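Here's the letter readout for the chains.
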Amino acid sequence: MKRRNFMKRAGLAAGGAAAAASTTLAAPAIAQDRVEWNMVMPWPKGTPGVGVNAERFAQRVMAMSGGRITIRTFGAGELVPPFESFDAVQSGSADILHGTPYFWVGKSKAFNYFTTLPFGLNAVELPAWLTYGGGQDLWDEVYADFGLKPFYAGSSGVQAGGWFKSEINSVEDLQGLKIRIAGLGGEVMRRIGAVVVLLPPGEILPSMQSGAIDAAEWIGPWNDVAFGLQKVARYYYAPAFHEPGPGLEITVNKAKFEALPDDLKAIFQAAATATAQETLTDFAYHNIEAFGPLLADYDVELRSFSEEIVARLGAVTREVAEEIGATDALTQKVHASYMAFVRKSAAYQGSFEETMLRQRRQVWA
């Protein structure tokens, strides 16, 4: 009897353990609730390089997660006004934004460093600083105050200096010039004497057509042609002093991100990393392809800013950067880290990248 009782109890215990194990193993499949998020952005859907890669990111996350995360994308003005994307994600009325940090510098001057500084890090150096130089930790710290978690999402590479209706031969030619220019480049231009206007991308062309502005920078040959800027201005200045490699972001509401299981967090990070690489190569290829036809097919004259103008822009940039770096303790910390890497990069690239590009041009141009 004792043996029978023992075996009966053992069988019940084993059955209970098996059932518990089965429940444990099955729990993830049952508990994996699907997440539906809204992504907002300051550019129209389908915009080459930026809008397109935001949509690709959403598709990539859905595919990698097996549909457990679905992201609906909304272009500028579809869900919120273009420059209110940050506020929407912070408040929770949207979940993710695709944008660039300097669009939200009214929140913190530190945001500039995670997009670009005039004469600053290029499209390879910025992610290098973020990944290995402590930049991402600083970015996380800055955005945490707003309840957000940022991810690097790529770069356009070095941008164009902009489209001008008249030639710019001296600093005096910038006096009173009405120009659409974003970021710290705008502040530098303002101090030199230009009238700076910050417009959403979709308003650049009509503002040039109407005469509301005399000049505008957007991105580079691929996007500029897509927006039709070559039809309203003749003089195309390159490169941009103000955007040597501006960073894009995919930023998510921090509380919502932290509520995800670890595997979905990893998928989100991997998708952002893949999007960063795809975005840079997308811009590089299409800018190269668009450059020749832009000059051949339109009445466009390519120019570069004179040494006199560059020297003045550089001097004012140093003033602006030092002022911003002293804004508060956290911005000062970001500034110190960024500027230390800029100086190291300038020394290294002067001997390597710059020399290589000059030598390559001698061989193939």
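The structure we're discussing is the one just above.
Remember, predicted model here, so these are calculated numbers, not experimental data.

Visitor: Would you explain the sheet that holds strand S4 (residues 148-155) in this entry?
Guide: Across a sheet, strands are paired by hydrogen bonds formed along the backbone, either parallel or antiparallel in direction. Taken in spatial order, the five strands make up an open sheet running S2-S1-S3-S10-S4, and their pairing is mixed. In this open sheet, the two strands that pair with only one neighbour each are strand S2 (69-74) and S4. Going across the sheet, the axis of each strand differs from the next one's by a mean of 25°, ignoring polarity. The pairing of strand S1 (residues 35-40) with S2 spans six bridges and is classified as parallel. Bridge pairing in S2 links Met39 to Thr73. Where helix H2 (residues 51-64) meets the sheet, it contacts S1, S2, strand S3 (96-99) and strand S10 (247-253), and its direction lies at approximately 165° from that of S2.

Visitor: Would you mind going over the sheet that holds strand S11 (residues 301-303) with me for this structure?
Guide: An order of S7-S6-S8-S5-S9-S11 is seen for the six strands of this open sheet, with the pairing classed as mixed. Every other strand in the sheet has two partners, leaving strand S7 (195-197) and S11 as the edge strands with one partner each. Relative to S7, strand S6 (residues 178-180) is paired through three bridges, and the arrangement is parallel. When the sheet's bridge partners are listed, Arg180 is paired in S7 with Val197.

Visitor: Honestly, the packing of helix H5 (residues 125-132) against helix H13 (residues 329-351) in this entry has me stumped. Any pointers?
Guide: In a packed pair of helices, the relevant descriptors are the angle between the two axes and the axis-to-axis distance. Remark: H5 packs on H13, axes separated minimally by 11 Å, with the N-to-C direction vectors making an angle of 130°. Taken together, the axes of H5 and H13 are oblique relative to one another. For the pair H5 and H13, the crossing hand works out as right-handed. On the side of H5, the interface is formed by Glu125, Leu126, Ala128 and Trp129, while H13 contributes Val334, Ser337, Tyr338, Phe341, Ser345 and Gln349. When the residues that make up the contact of H5 with H13 are grouped by side-chain class, the tally is six nonpolar, three polar and one charged.

Visitor: Please explain the nonpolar core as it appears in this structure.
Guide: A general tendency of soluble globular proteins is for nonpolar side chains to be buried together. Phe57, Ile71, Trp129, Phe164, Phe268 and Tyr338 are the most contacted members of the largest nonpolar core, which totals 101 residues. At nine residues, the largest contribution of residues to this core is made by helix H11 (residues 262-297). Discounting chain neighbours no more than four positions away, the residues touching Ile71 are Trp37, Met39, Phe57, Ala58, Val61 and Ile96.

Visitor: Can you help me understand H2 in this one?
Guide: The α-helix advances 3.6 residues per turn, and as a result positions three or four apart in sequence lie on the same side. Over its 14 residues, H2 runs 20 Å from end to end, which matches the ideal 20 Å to within 8%, given 1.5 Å per residue. For H2, the full list of buried residues reads Gly51, Asn53, Ala54, Phe57, Ala58 and Val61. Elements that come into contact with the buried residues of H2 comprise S1, S2, S3, S10 and H11. Just past H2, the residue Gly66 takes up positive phi, approximately 65°.

Visitor: Quick question: what am I supposed to make of helix H6 (residues 135-144) here?
Guide: Of all the residues in H6, the buried ones are Gly135, Gln136, Leu138, Trp139, Val142 and Tyr143. Each buried residue of H6 sits inside an arc of 160° when the element is viewed along its axis, so together they form one side. Of the surrounding elements, those touching the buried residues of H6 are helix H3 (85-91), helix H4 (112-115), H5, S4, S10 and H13.

Visitor: Explanation requested: the environment of Phe103 in the structure shown.
Guide: With respect to the helices, strands and loops of the structure, Phe103 is situated in the loop between S3 and H4. Judged by its relative accessible area of 10%, Phe103 falls in the buried class. The spacing of Phe103 and Val342 is 239 residues in sequence and 22 Å in space, taken between C-alpha atoms. Ignoring sequence-local partners within four residues, the contact set of Phe103 consists of Pro42, Trp43, Phe83 and Ala182.

Rules used throughout
Every chain's residues receive numbers from 1 upward, in the order its sequence appears when written. A pLDDT threshold of at least 70 governs which residues receive local features in this predicted model, and a stricter bar of 80 or more applies before side-chain atom pairs are shown or counted, although totals over entire chains, interfaces and linings include all residues. Side-chain figures throughout are based on the complete set of non-hydrogen atoms in the structure, without hydrogens or water. Note on pairing: two strands pair once DSSP finds at least 2 bridges between them. Secondary structure elements are taken from DSSP: a helix is a run of H or I of four residues or more, a strand is a run of E of two residues or more, and numbering for both begins at the N terminus. The axes used here are C-alpha line fits, helices contributing only the stretch in contact, and every angle between their N-to-C directions lies in the interval 0 to 180 degrees. Any two residues having at least one pair of non-hydrogen atoms within 4.5 Å are treated as being in contact. An angle counts as roughly parallel when it lies under 35 degrees, as roughly antiparallel when it exceeds 145, as roughly perpendicular when it falls between 65 and 115, and as oblique in every other case. Two helices cross in a left-handed way if the nearer one is turned anticlockwise from the farther one by less than a right angle. They cross in a right-handed way if the turn is clockwise. Each residue gets one label: Ala, Val, Leu, Ile, Met, Phe, Trp, Tyr, Cys and Pro are nonpolar, Asp, Glu, Lys and Arg are charged, and the others, such as Gly, are polar. Put simply, a nonpolar core is a bunch of buried Ala, Val, Leu, Ile, Met, Phe, Trp, Tyr and Cys residues held in one set by side-chain atoms that sit within 4.5 Å of each other. The classification of residues rests on relative accessible area computed with a 1.4 Å probe and restricted to protein chains. Under 20% of the type maximum is buried, over 50% is exposed, and intermediate values are partly exposed. One less than the number of residues in a helix, times 1.5 Å, gives the span that helix is expected to have. Taking the helix axis as origin, the arc is that swept by the directions to the C-beta atoms.

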